[in-house]
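Analysis of the macromolecular model
These are the residues of each chain, in order.
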Amino acid sequence: MEPTDRDELLRLLRDLGAQLAWQRDAGLGEVPRGVDAAPSSSVEPTVEALPPSQHLPPPETTVAASPVVEPPASVVPEDRPRPREGVPTRAEAPAVVAPTPVAPPRSLPVLVPPPRDLETRRGRLEVVAADVRACEACKLALKRTQTVFARGNPDARLCFIGEGPGADEDRLGEPFVGAAGQLLDKIIAAMRLGVDDVYIANIVKCRPPNNRVPDAEEMRACTPFLLRQLDEVKPAVIVALGKTAASFLLDSKAPMGQLRGRWHTWNGVPVMPTWHPSYVLRVRDNPNSTARAEVWNDMKLVLVRLGLPVPGARG
Ligand code: URA
């Protein structure tokens, strides 16, 4: 063998060794030996054995999106040897080690972030609540007794969004605890749901004086908090209670009579606008008002959408 050929072979072997060391150090387990080695089952995640929230993306996605199989130079740690220019890639190299698509172990960074667990989301919601308590971004802060953040379960699939705190909410620090709240609780109970099945919040977190509708500036200042709440709760369905909530979520000035009773979407989440409980209370003595029945019809649509039984429905 010519000395240059031998040198070249030695260099190839050294580089190959370095690559194998990188792969081993990266936690990829035993590198299979032999031309036909199959992907090692010891590093293949067993998706079925995990709860659904921990399922990894399908293997093709993981491998394609992962820097592990063929890392770009930028993700190779500085202290690890990089393949030198001119050295064949593993695909081009003589078949000493077959290119092996290996799914990354869980300890490596995965490009798809895992779903946040409930405790994390509770913690992040507590941060939002603290930001709300500290907020002085609009004039509503001047007159409030306290801010009103939310009640219910951050893990709920159903979210009710109202307009803003009234006098009782301002005093007690929780949304929908006055007369409108009592009616809302009755509606929720009629749906055969409980406090743990819902998350309730408002468009603005401070009471507008005399229960007036919050103005555009107040809504602009406050709605980022609601968006952060919804981003943590990630409800399957939102019920917009009344025009203020419906107009904001649907970005529409249409009257409630046109909006309610039909599905809309907010950021891909189904939204059912319905009459605000305060309105239902205001018109309750009007024998011609259909508001109460319409709210119930809307809630039945919500139950169907959630795949829940509709009380009173046959079958
Ligand atoms: N009305 C609302 O819109 N929200 C409350 O919290 C109470 C009454």
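Details of the structure are given in the entry above.
Now for a look at the structure at hand.

Conventions we followed
- Along each chain, numbering runs from 1 in the same order as the chain's sequence is written.
- Where totals are concerned, whole chains, interfaces and linings use all residues; where local detail is concerned, this predicted model gives features only for residues with pLDDT of at least 70, and gives and counts side-chain atom pairs only at 80 or more.
- Values reported for side chains reflect all heavy atoms of the structure, with hydrogen atoms and water molecules removed beforehand.
- Numbered from the N terminus, helices here are DSSP runs of H or I no shorter than four residues, and strands are runs of E no shorter than two.
- Note on classification: 1.4 Å probe, protein chains only; a residue is buried when its accessible area is under 20% of the maximum for its type, exposed when over 50%, partly exposed between these limits.
- Contacts are assigned to residue pairs that have any heavy atoms within 4.5 Å of one another.
- We get accessible surface area from the Shrake-Rupley algorithm with a probe of 1.4 Å; when it comes to residues, only the shown protein chains can shield them.
- If even one non-hydrogen atom of a residue comes within 4 Å of a molecule or strand, that residue is called near it.
- What qualifies as a polar contact is a pair of N or O atoms within 3.5 Å, subject to a donor-acceptor requirement within protein and to the restriction that residues adjacent in sequence count only when both atoms come from side chains.
- For this classification, the nonpolar set comprises Ala, Val, Leu, Ile, Met, Phe, Trp, Tyr, Cys and Pro, the charged set comprises Asp, Glu, Lys and Arg, and every other residue, Gly included, is treated as polar.
- Aromatic rings from Phe, Tyr and Trp, with only the six-membered ring used for Trp, were paired whenever their centres fell within 6.5 Å, and each pair was classed as stacked if the ring planes differed by under 30 degrees, edge-to-face if by over 60, and tilted otherwise.
- Should the NZ of a Lys or the CZ of an Arg lie within 6 Å of a ring centre and within 35 degrees of the ring normal, that charge is described as sitting over the ring.
- Expected span, for any helix, means 1.5 Å times one less than how many residues it has.
- Relevant arc is that of directions from the helix axis to the C-beta atoms, nothing else.
- The rule for a salt bridge is simple: a side-chain nitrogen of Lys or Arg has to be within 4 Å of a carboxyl oxygen of Asp or Glu.

Section: the overall build of the protein
Of the regular secondary structure elements, the protein holds 11 helices and six strands. Looking at the protein as a whole, 40% of its 315 residues are labelled buried. Within the protein, counting contacts between residues at least 6 apart in sequence, those at least 24 apart form 73% of the total. Accessible surface for the protein amounts to roughly 18,000 Å². Of this, 55% is attributable to carbon and sulfur atoms.

Overview of the site of the ligand
Taken together, Gly162, Glu163, Gly164, Glu169, Pro175, Phe176, Asn202 and His276 are the residues near the ligand. Between a nitrogen atom of the ligand and a side-chain N or O atom of asparagine 202, the distance comes to 2.8 Å. In the model, an oxygen atom of the ligand is placed 2.8 Å from a nitrogen or oxygen of the histidine 276 side chain. Burial of the ligand by the protein chains amounts to 92% of its free accessible area of 230 Å². Class assignment of the residues belonging to the shell around the ligand gives a composition of two nonpolar, four polar and two charged.

Let's talk about the packing of aromatic side chains
In total, this model carries one aromatic pair according to the counting rule given. If you follow arginine 305 out to its NZ or CZ, it ends over the ring of tryptophan 263, 4.9 Å from the centre.

Some points on the environment of leucine 226
Position of leucine 226 among the secondary structure elements: in helix H7 (residues 216-233). Judged by relative accessible area, which is 0%, leucine 226 ranks as buried. Between the C-alpha atoms of leucine 226 and alanine 150, which are 76 residues apart in sequence, the distance is 9.7 Å. If we ignore the near neighbours within four places in the chain, the residues touching leucine 226 are Ile161, Ala201, Asn202, Ile203, Lys205 and Phe248.

Brief notes about helix H11 (residues 291-305)
In a regular helix each residue adds 1.5 Å, so 15 residues correspond to 21 Å; H11 covers 21 Å between its end C-alpha atoms and thus fits that length. Taken together, the buried positions of H11 are Ala291, Val295, Asp298, Met299, Val302 and Leu303. On an axial view of H11, the arc spanned by its buried residues comes to 145 degrees, and they lie on one face. Just beyond H11, the residue with positive phi is glycine 307, at close to 75 degrees.

Considerations on the pattern of salt bridges
In a structure, side chains of opposite charge can pair up when their charged atoms sit close to one another. One pass over the structure, following the stated rule, counts 14 salt bridges. Note that arginine 121 is salt-bridged to aspartate 155, the shortest N-O span being 2.4 Å. In this pair, arginine 121 is assigned in helix H3 (residues 118-134) and aspartate 155 in the loop between strand S1 (150-152) and strand S2 (158-162), connecting sequence segments 34 residues apart. Between arginine 133 and glutamate 126 there is a salt bridge, with its nearest N and O atoms 3.0 Å apart.

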